[in-house]
Amino acid sequence: MEVLLLGTGSADGWPNPWCRCASCTWARDTGTLRSTTAALLDGVVLVDCGPDAPRQADRAGVSLADVTCLLLTHAHPDHLAPEALLARSWAGSRQTLRVLGPASAIEACRDWVGPHDPVRLEVVAPGDEVEVDGYLMRVLAAAHDVGRDELTRDAVLYDVTAPDGGRLLHATDTGPLGQQTMAAVAGAAYDVVLLEESFGSRSDHGTGHLDLVTFPRQLAALRECGAVVDRTDVVAVHLSHHNPPGDELARILEPWGARLVDDLTVLRTDAAVVRRAPARRQLVLGGARSGKSHEAERRLAARGSVRYVATGGERADDPEWRARVATHRARRPATWTSEETLDVVDVLRSASDGDAVLVDCVALWLAGQLDTARTWESEPGSAARAESLAAVGRASDDLVASVAATRAHVVLVSNEVGGGVVPEHESGRLYRDLLGVLNSRLAAVCDDVDLVVAGRVLRL
Ligand SMILES: [Zn+2]
Ligand SMILES: [Zn+2]
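For clarity, every value in this text was computed on a predicted model and none was experimentally measured.

Novice: Tell me about the overall build of the chain, and name the residues and values.
Specialist: When helices and strands are tallied, the chain shows 14 helices and 21 strands. Considering only C-alpha atoms, the chain reaches an extent of 100 × 45 × 40 Å along its principal axes. A separation of at least 24 residues holds for 72% of the contacts in the chain among residues at least 6 apart in sequence. For the chain, the exposed area adds up to about 20400 Å²; of that, 53% sits on carbon and sulfur atoms. Of the charged side chains in the chain, 47 are positive and 65 negative, and the gap between their average positions amounts to 3 Å.

Dropping the structure here:
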């Protein structure tokens, strides 16, 4: 099956023509224009028909004359501009067009179809299976309803199998999928999944849509149940200006096994998807509150289970620290396991292929090693100091070696502390120097090293 993406944008498109935010300005400057999401399958099945879809087909040099089936997800105006049916009648086609959709979408079409037009309006509901010209459409429940809007209540998604066996999941508009839909897609091993990611960095939208927090979790659930497999081409659609500029968004999606494509891209269900093998060792550096932990967590967000290793200790007597740990913990998916330990070496050595380990953070690990070796109890220059530093050196050697040798996918977080003023105390200077050296040694054995500054990520 050939999937022509007529549009990959949200209701307002990206850029939003009325907006001057950084994301919209970037989109305008680079000419990366996304119109309302719709897809044309083999030139025969059209999924959604918002205001931009027919003109986008023209731009792709494709006629809609052979479309015999229009699948409607819901009646929101970015998915259904029913005047297209009137325009079709002016072309004088005698071929019957079957229009499938939930009741509210079919209702919205009625006034645009004349009594003699060759159009069949058919109401469908989740659980229905309809065959049109050898294409099998399974109707799935969307989770687009947040109780505010009549038009979202009966919204659906489609699972389409083409005559050549190619299989597509068209999943927009929807929030996290409900149990009924997850059960229906289990084991489907789709060739192509178009999964919406409307809201980007905004997670407070309270709508039936996905964002950069819920999208990877949805993807993890789809992988877990066998709907998404290694060869599945997962493409993010229904994108809005709440997303970071395209290069940055592509970089966020990549470790999740999803990608961005431009409007009018053609996907083939039989194409082998070539992906860069994900980097297995990653070091994420940053200053205090730079967003480095958030970035590290995001790298692994599409993994079902992750071992989260906190090296900061429990600090039962420090309420500020406990509050901070609690916020971090609340942000992580329930399927992740956390452990408080300084024995990162053991965790990395005992990990097996395919495990994912997040270590937050190396700076606290080093502070813990210095405490364990009683470094601060000895005088600078004394034999005791030399001995304790030698012990810390051996622990650092072991850490670097275990990162180099681990079979797990490991993401290490560390502080970049070299940029500030020279610390006043000898202990501060020593710690800064040791951490700088350790970061460099870890960077040398990692596949990717990034610096996070003000929440923005710089690949080093
Ligand atoms: Zn929409
Ligand atoms: Zn909608």
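Once you've had a look at it, read on.
Novice: Would you mind going over the nonpolar core in detail, with residue names and values included?
Specialist: Counting 42 residues, the largest nonpolar core has Leu-358, Leu-412, Leu-438 and Leu-442 as the members making the most contacts within it. Residues within four places of Leu-358 in sequence aside, it is in contact with Ala-296, Glu-297, Leu-300, Val-306, Arg-307, Tyr-308, Val-309, Trp-336, Val-411 and Val-413. In this structure, Trp-14, Ala-27, Val-234 and Ala-302 belong to the second largest nonpolar core, which totals 33 residues.

Novice: Lay out the coordination of the zinc ion (ligand 1) with the relevant residues and their values.
Specialist: Around the zinc ion (ligand 1), the protein supplies Asp-78 (OD), His-79 (NE2), Asp-173 (OD) and His-238 (NE2) as donor atoms, at distances of 2.1 to 2.2 Å. The motif formed by the donor residues of the zinc ion (ligand 1), counted along the single chain, is D-H-x93-D-x64-H. Distance-wise, the zinc ion (ligand 2) is placed 3.5 Å from the zinc ion (ligand 1), both being coordinated by Asp-173. Among the residues examined, Asp-78 registers a relative accessible area of 6% and is labelled buried. Relative accessible area serves as the criterion here: at 0%, His-79 is assigned to the buried category.

Novice: Which residues make up the packing of helix 12 (residues 362-372) against helix 14 (residues 426-445), and what are the values?
Specialist: Relative orientation of the contacting elements helix 12 and helix 14 amounts to 125°, with a least axis distance of 10 Å. With respect to each other, helix 12 and helix 14 are oriented oblique. The way helix 12 lies across helix 14 gives a crossing that is right-handed. The residues of helix 14 that touch helix 12, namely those facing Val-362, Ala-363, Leu-364, Trp-365, Leu-366, Ala-367 and Leu-370, are Tyr-431, Leu-434, Leu-435, Leu-438, Asn-439 and Leu-442. Across the contact of helix 12 with helix 14, the residue classes break down as twelve nonpolar, one polar and no charged.

Novice: Residue-level account of unusual backbone geometry, with values.
Specialist: It is generally the case that most residues other than glycine have a negative phi and that most peptide bonds are trans. In the segment running from Thr-172 into Asp-173, the intervening peptide bond is cis, with an omega of 0°. Checked against the element boundaries, Asp-173 lands in the loop between strand 10 (167-171) and helix 6 (179-185). With a phi angle near 45°, Ala-189 is a residue other than glycine that sits in the positive phi range. Although it is not a glycine, Ala-454 adopts a positive phi angle of roughly 50°. Inspection of the secondary structure puts Ala-454 in the loop between strand 20 (448-453) and strand 21 (456-459).

Novice: Would you mind going over the sheet that holds strand 18 (residues 356-360) in detail, with residue names and values included?
Specialist: If you walk across this open sheet you meet the seven strands as 17-16-18-19-15-20-21, and the pairing is mixed. Bordering the open sheet on either side are strand 17 (337-340) and strand 21, each of which pairs with just one other strand. On average, each strand axis in the sheet is inclined to that of its neighbour by 20°, with strand direction left out of account. Examined bridge by bridge, strand 16 (residues 307-310) and strand 18 share four bridges and lie parallel to one another. Following the sheet pairing, Arg-307 is matched in strand 18 by Val-357.

Novice: If you had to explain the coordination of the zinc ion (ligand 2) to someone new, which residues and values would you point to?
Specialist: The protein atoms that coordinate the zinc ion (ligand 2) are His-74 (NE2), His-76 (ND1), His-144 (NE2) and Asp-173 (OD), at distances of 2.2 to 2.3 Å. Coordination at the zinc ion (ligand 2) is irregular, judged from the four donor atoms that bind it and the angles of 92 to 165° they form at the metal. Counting the intervening residues between successive donors of the zinc ion (ligand 2) yields the motif H-x1-H-x67-H-x28-D. Accessibility expressed as a relative area gives 15% for His-76, which makes it buried. Judged by relative accessible area, His-144 falls into the buried class, the value being 4%.

Novice: Report on the environment of Arg-289, specifying residues and quantitative values.
Specialist: When you line up the elements, Arg-289 lands in the loop between strand 15 (281-286) and helix 9 (292-299). Taking the C-alpha atoms as reference, Arg-289 lies 9.8 Å from Asn-415; in sequence the two are 126 residues apart.

Novice: Tell me about the pattern of salt bridges, residues and numbers included.
Specialist: Taken as a whole and judged by the stated rule, the model has 27 salt bridges. Between Arg-298 and Glu-295 there is a salt bridge, with the nearest N and O atoms lying 3.7 Å from each other. Separated by three residues within a single helix, Arg-298 and Glu-295 lie in helix 9, roughly one turn from each other. Per residue, the accessibility class of Arg-298 equals that of Glu-295, and both read buried.

Novice: Describe in detail the state of the cysteines, supporting the description with residues and values.
Specialist: Within the structure shown, the criterion is met by zero disulfides. Unpaired in terms of disulfides, Cys-24 finds its nearest cysteine sulfur in Cys-21, a separation of 3.7 Å. Cys-361 takes part in no disulfide bond, and the closest cysteine sulfur to it belongs to Cys-446, at a distance of 14 Å. Exposure remark for Cys-361: the relative accessible area of 5% places this residue in the buried category.

Novice: How would you summarise the sheet that holds strand 8 (residues 135-141) if you had to cite specific residues and measurements?
Specialist: Spatially, 7-8-9-10-11-12-13 is the arrangement adopted by the seven strands of the open sheet, whose pairing is mixed. Looking at the sheet topology across the chains shown, the edges are occupied by strand 7 (129-132) and strand 13 (258-259). Bridge count for strand 8 against strand 9 (residues 156-161) is six bridges, and the pairing is antiparallel. Counted as the bridge partner of Leu-140 is Leu-157 from strand 9. Running at roughly 150° to strand 11 (residues 192-196), helix 7 (residues 214-224) makes contact with strand 11, strand 12 (233-237) and strand 13 of the sheet.

Calculation criteria
- Positions within a chain are numbered from 1, following the residues in the order the chain's sequence is written.
- Each chain is given a letter, starting from A, and each ligand a number, starting from 1, according to the order in which they appear as written.
- A pLDDT threshold of at least 70 governs which residues receive local features in this predicted model, and a stricter bar of 80 or more applies before side-chain atom pairs are shown or counted, although totals over entire chains, interfaces and linings include all residues.
- Note that water and hydrogens are dropped before the side-chain values are worked out from all heavy atoms of the structure.
- Each helix is a run of H or I in the DSSP string that is no shorter than four residues. Each strand is a run of E no shorter than two, and both are numbered from the N terminus.
- Any two residues having at least one pair of non-hydrogen atoms within 4.5 Å are treated as being in contact.
- Here, Shrake-Rupley sampling with a 1.4 Å probe gives the accessible areas, and only protein chains in the shown set may cover a residue.
- In this tally Asp and Glu are treated as negative and Lys and Arg as positive; neither His nor the chain ends contributes.
- Here the site of a charge means atom NZ of a Lys, CZ of an Arg, CG of an Asp or CD of a Glu.
- Within this scheme, the nonpolar core is defined by two criteria: the residues are buried Ala, Val, Leu, Ile, Met, Phe, Trp, Tyr or Cys, and they are joined through side-chain atoms within 4.5 Å.
- For every residue, the accessible area (1.4 Å probe, protein chains only) is compared with the maximum for its type, and the residue is labelled buried under 20%, exposed over 50%, or partly exposed between those bounds.
- Coordinating N, O and S atoms are those within 2.8 Å of the metal (3.2 Å for Na, K and Ca), and as water is not part of the atoms, a site may appear to have fewer donors than expected.
- Orientation is described by axes fitted as lines to C-alpha atoms, over the contacting stretch for helices, and by angles from 0 to 180 degrees between their N-to-C directions.
- For classification, angles of less than 35 degrees are called roughly parallel, those exceeding 145 degrees roughly antiparallel, those between 65 and 115 degrees roughly perpendicular, and all remaining angles oblique.
- Definitions for this section: a left-handed crossing has its near helix turned counterclockwise from the far helix by less than a right angle. A right-handed crossing has that turn clockwise.
- Side-chain classes follow a simple rule in which Ala, Val, Leu, Ile, Met, Phe, Trp, Tyr, Cys and Pro form the nonpolar group, Asp, Glu, Lys and Arg form the charged group, and the remainder, Gly included, forms the polar group.
- Should DSSP find at least two bridges between two strands, the strands are regarded as paired.
- Angular criteria define each label, namely tetrahedral for four donors with all angles between 85 and 135 degrees, square planar for four and octahedral for six donors with opposite donors over 155 degrees apart and remaining angles between 65 and 115, and irregular for whatever fails these tests.
- For this document, the term salt bridge refers to a Lys or Arg side-chain nitrogen within 4 Å of an Asp or Glu carboxyl oxygen.
- Sulfur atoms of two cysteines make up a disulfide when they are within 2.5 Å.

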